[in-house]
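# Secondary and tertiary structure notes
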Amino acid sequence: MGIGILFAMIVLLGIQSVSYVRQLSRATGTILADNYNSLQYAADMLRSLNDIGEDSVSRHTLRQSLALQQQNITEISEREMTSELGRHIAALSDPVTEAELQTVRQDLLRIMELNMAAIRAKSSAVEERADYVMWWLIVVAALCVVSAGAILVWFPRLVLRPIDELKKGIREIANHNYQQRLDFTGNREFESVAESFNDMAAKLDEYRRSSLDDLMTAKKRIEAIVDTLHEPIIGLGPDRKILFMNREALAVLNLQAEVVGRNAAEVALSNDLLRRLMRELYGEKRSTGGEPLKIYADNKESYFQMENTPLYITPVGGREQQFVGNLIILSNVTKYKELDSAKTNFISTVSHEMKTPISSILMSLQLLGDDRLGKLNDEQKQLVGSIRDSSDRLLSITGELLNMTQIETGKLKLMPKITKPIELIDYAVKATQVLAERFCCFVEVEYPEKISKLFVDSEKIAWVITNLLSNAIHHSPEKSRIIVGAVQHEKAVEIYVRDFGRGIDPRYHKSIFERYFRVPGTKVQGSGLGLAISKEFVEAHGGTIGVESEIGKGSRFSILLPV
């Protein structure tokens, strides 16, 4: 409507302008066509009078101009003046007297003066008309400007107001306020939009109510399932807020249901068990070393293994996963711990009991080898040697089992003292000298001039180096080199044993340090405990043990101990 009004005013202004210009043009044309021609004819007749005595053509021109003037009568008194001029021109004698010429000139001057006065009067009227037109156009243009300014201010507001209301409604819907409604009554353009919007909001509200009911039912169902599980389960949000905790978890941690919804760090301030879980979960300094948590539950000491599962979701409309919290499950491993303890006690008892008969066997073998009891033939000596080898191997396995039981029961005691690394290496080389000669291996020692001393239990670390060197000899071909040495680092000393044997597949580099593990295809006999015990001994000193090996390129075992 506003654009239509503005268009009509512009059309009106154009029509008025064109009309007034045409009126001014016609008025100006009238002046030129009427009065200006009369002046021109009168001037021609005056020139003819000046030349009338010299040639006969001037008299003819005078009559022609008179005839034209008689046809161009525009003013009221101009007809009488022209008739009188015609009589005086007709009365001219030949030759013409000065009095006759003067009379004709006076008639012509009166005609010219009459037309000049008419021109001045008409010009004044045209000027007045032009002033009127100018002011009228100014008024109409001002009205157009005022109307256009009003429309410029009013029209955007009229259009944007419903759009702003629509945007506000959309934001409310986006914020899940499905009660929002729009009302554009009387606005023909936006009334249908409001109806569609209100229908959409009503359907979303209905869908939300039905979906919310379904979600609440599903939530209750999941909570019931989680509560019936016999293992403690805890859910934490990304801000460490406790989202849920089943009955078993509340009982084990000695907490009340009111803790749900609170920050876990805040609750942990007054709960030692939850504080230990938080340390394990968020990477603080661990006090349990990855071992099961000992918790007093079910009227006895129980052991629980924590399993932490980070939870991620992909938001609707998104592509990247978003972290939403942690799921903590405390698996009750008490019965496995009891079985493991029983196994350890059994192995410890059996190993301890076996040492006495093994020692007796070795003493008997030593007596058999004494010539004072009689000489043995070659076959008997071979049998005695085979029995001695088997007894030595059995004694070594029994010692390893005892060491492992000490580690598992926490009875491993260290007696550290200041020791030079070369002393540990020399002990290992001497302990395996006979074995190296039997397998025709050459043991080389690489040792720097300056190296730091160690504060370790020399017996335990020497046992580790001896075990690594013994493994290298067993897994090396005849007449091969074996290198044992030490390297000084900034705050640690590395002791290594390198062989050039078959090597170890990289897939088993971590598994070889596990108890009872043996690399598939290995023909060398053993208990599978040597490297596991070595790892426990080294880590008890705050050190690390590792391996670098490839198939066909040998192996390099190293232990890193703080200086």
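Since the model is a prediction, treat every value here as computed from it, not as a measurement.

With that out of the way, let us pick up the overall build of the protein chain. On a plain count of helices and strands, the protein chain comes out with 15 helices and twelve strands. Each of the 563 residues in the protein chain was classed as buried or not, and the buried ones make up 33%.

Those residues of helix H15 (residues 530–540) not exposed but buried are Gly-530, Leu-531, Ala-532, Ile-533, Ser-534, Phe-537 and Val-538. The positive-phi residue at the C-terminal boundary of H15 is Gly-542, with phi of around 80°.

To continue, consider helix H9 (residues 272–281). Taken together, the buried positions of H9 are Leu-274, Leu-277, Met-278, Glu-280 and Leu-281. One side of H9 holds all its buried residues, which, seen down the axis, span an arc of 160°. You can read the cap of H9 off the contacts: a side-chain oxygen lies 3.2 Å from the backbone nitrogen of Leu-273, and it is on Asn-271.

Right, let's get into the packing of helix H4 (residues 78–90) against helix H5 (residues 98–174). For the pair H4 and H5, interaxial distance at closest approach is 9 Å and the crossing angle is 160°. Classed by the angle they form, the pair H4 and H5 counts as roughly antiparallel. In this structure, H4 crosses over H5, and the sense of that crossing is left-handed. Together, Glu-78, Met-81, Thr-82, Glu-84, Leu-85, His-88 and Ile-89 of H4 and Thr-103, Val-104, Asp-107, Leu-108, Arg-110, Ile-111, Leu-114 and Asn-115 of H5 make up the contact between the two elements. Considering only residue class, the contact of H4 with H5 consists of seven nonpolar, four polar and four charged.

Time to look at the side chain of Ser-331. Following the sequence through the fold, Ser-331 ends up in strand E5 (residues 322–332). A residue is classified by how much of its surface remains accessible, and Ser-331, at 11% relative accessible area, is buried. Within the local environment of Ser-331, its side chain forms a polar contact with the side chain of Glu-307, the two groups lying 3.0 Å apart. The contacts of Ser-331, once residues within four sequence positions are left out, are Glu-231, Tyr-303, Phe-304, Gln-305 and Glu-307.

What follows is about the environment of Ile-418. With respect to the helices and strands, the residue Ile-418 is situated in strand E6 (residues 417–419). As a C-alpha pair, Ile-418 and Leu-454 span 36 residues in sequence and 5.5 Å in three-dimensional space. Setting aside anything within four residues of it in sequence, one finds Ile-418 in contact with Lys-453, Leu-454 and Phe-455.

To continue, consider the sheet that holds strand E12 (residues 555–562). As summarised here, the arrangement of the five strands in space is E7-E9-E10-E12-E11, forming an open sheet in which the pairing is mixed. Unpaired on one side and paired on the other, strand E7 (442–446) and strand E11 (544–549) mark the two borders of the sheet. Direction aside, the axes of adjacent strands within the sheet are offset by 15° on average. Relative to strand E9 (residues 481–488), E7 runs parallel, the two being bridged by five bridges.

With that settled, consider the side chain of Asn-72. Here Asn-72 shows up in the loop between helix H3 (57–70) and H4. Judged by relative accessible area, which is 12%, Asn-72 ranks as buried. A distance of 3.0 Å separates a polar atom in the side chain of Asn-72 from a polar atom in the side chain of Ser-38.

Overall, the predicted model of the protein chain reaches an average pLDDT of 81, with 86% of residues at or above 70. Low pLDDT (under 50) marks residues 284–289, which in the prediction has eight contacts with non-local residues, meaning those over four places away or in another chain.

A disulfide bridge is the covalent bond that connects two cysteines by way of their sulfur atoms. Enumeration over the complete set of coordinates arrives at zero disulfides. Its sulfur unpaired, Cys-441 is 7.4 Å from the next cysteine sulfur, which belongs to Cys-440.

Moving on to the packing of aromatic side chains. Taken as a whole and assessed by the stated rule, the structure comprises four aromatic pairs. Above the plane of the ring of Phe-537 lies Lys-460, whose end atom (NZ or CZ) is 5.9 Å from the centre. Above the face of the Tyr-496 ring, Arg-556 is positioned so that its terminal group lies 4.4 Å from the ring centre.

Analysis parameters
- Residues numbered from 1 in each chain as written.
- Predicted model: local features only at pLDDT ≥ 70, side-chain atom pairs only at ≥ 80, totals over all residues.
- Heavy atoms only, no water.
- Helix = DSSP H or I, 4+ residues; strand = E, 2+ residues; numbered from the N terminus.
- Buried < 20%, exposed > 50% of the residue type's maximum accessible area, 1.4 Å probe, protein only.
- Arc of directions from axis to C-beta.
- Polar contact = N/O pair within 3.5 Å; in protein donor to acceptor, adjacent residues only side chain to side chain.
- Axes fitted to C-alpha atoms, helices over the stretch in contact; angles between N-to-C directions.
- Parallel < 35°, antiparallel > 145°, perpendicular 65-115°, else oblique.
- Left-handed = near helix turned anticlockwise from the far one by under 90°.
- Contact = heavy atoms within 4.5 Å.
- Nonpolar A, V, L, I, M, F, W, Y, C, P; charged D, E, K, R; others polar.
- Pairing = 2+ DSSP bridges.
- pLDDT = per-residue confidence, 0-100.
- Disulfide = S-S within 2.5 Å.
- Phe/Tyr/Trp six-rings, centres within 6.5 Å; stacked < 30°, edge-to-face > 60°.
- Lys NZ or Arg CZ within 6 Å of the ring centre and 35° of its normal.

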